[in-house]
Amino acid sequence: MSRRTRRAAPAPGVARPIVTVCRGCCRGTPEAPGPDRTARPRALRRALDGTATVRVTDCLGACERADVVVVQPSAEGRGSGGRPVRLGLVDDPDTTAGIVTWVRDGGPGLAERPGILDLRAFRPSRRVRAEPHEE
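For clarity, every value in this text was computed on a predicted model and none was experimentally measured.

Basis of the calculations
- Residues numbered from 1 in each chain as written.
- Predicted model: local features only at pLDDT ≥ 70, side-chain atom pairs only at ≥ 80, totals over all residues.
- Heavy atoms only, no water.
- Salt bridge = Lys/Arg side-chain N within 4 Å of Asp/Glu carboxyl O.
- Helix = DSSP H or I, 4+ residues; strand = E, 2+ residues; numbered from the N terminus.
- Buried < 20%, exposed > 50% of the residue type's maximum accessible area, 1.4 Å probe, protein only.

S.K.: Before we go on, may I ask you to explain the pattern of salt bridges in this structure?
M.R.: For the structure on display, the rule yields four salt bridges. A salt bridge links Arg120 to Asp92; its shortest N-O distance comes to 3.3 Å. Here Arg120 is found in the loop between α4 (115-118) and β5 (121-122), whereas its partner Asp92 is found in the loop between β4 (85-87) and α3 (93-105), with 28 residues between them in sequence. For the pair Arg120 and Asp92, a shared accessibility class is recorded, and that class is buried. Notably, a salt bridge pairs Arg113 with Asp118, separated by 2.6 Å at the nearest N-O pair. Residue Asp118 is classed as partly exposed on the basis of its relative accessible area, which comes to 42%. By sharing partners, the salt bridges in this structure join Arg23, Arg40 and Asp67 into a single network.

Here it is, written out as C-alpha cells:
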C-alpha cells in the first residue's frame, strides 16, 4: 500500500481547476536553479487541498521561462469563457501566493487574475503548441 494519502474525488459534475507544475529537464540548471524540486508542488498541494488538483509533469516546453505553471479552469470556469493560462518565471513565494489566491477565488473564467500573475502569463510558441506532450 502506498504511503500517499488519497484525496476524495470531487462530487459528480464538480470539476476543480487543475494546476500543473513543470519539473522537467530545465530544473536545477544554472539558468533555472532550484535545489528542491518538490517544494513548489508540495506547497501548492497543501494550500489548494480540496480546491484544485495539483499535478506535476515532466516538461511543458518553455524552459526559458522556468518555472512554468499552467492553471486550467474548472468546468464552471471553462463554461464562463476561462481558458488555460501558462505562467512563467514562477520562482518566488509572492507569485505562488498569487496562484493560490486566484485559484481559491475560482481561477480562469471566474476570478480576476492578480496583477503579479499578469506579469508572468504567456502564450507558448506555435511550435510548442503543435508538439504532442505526454500528460
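Now, onward.
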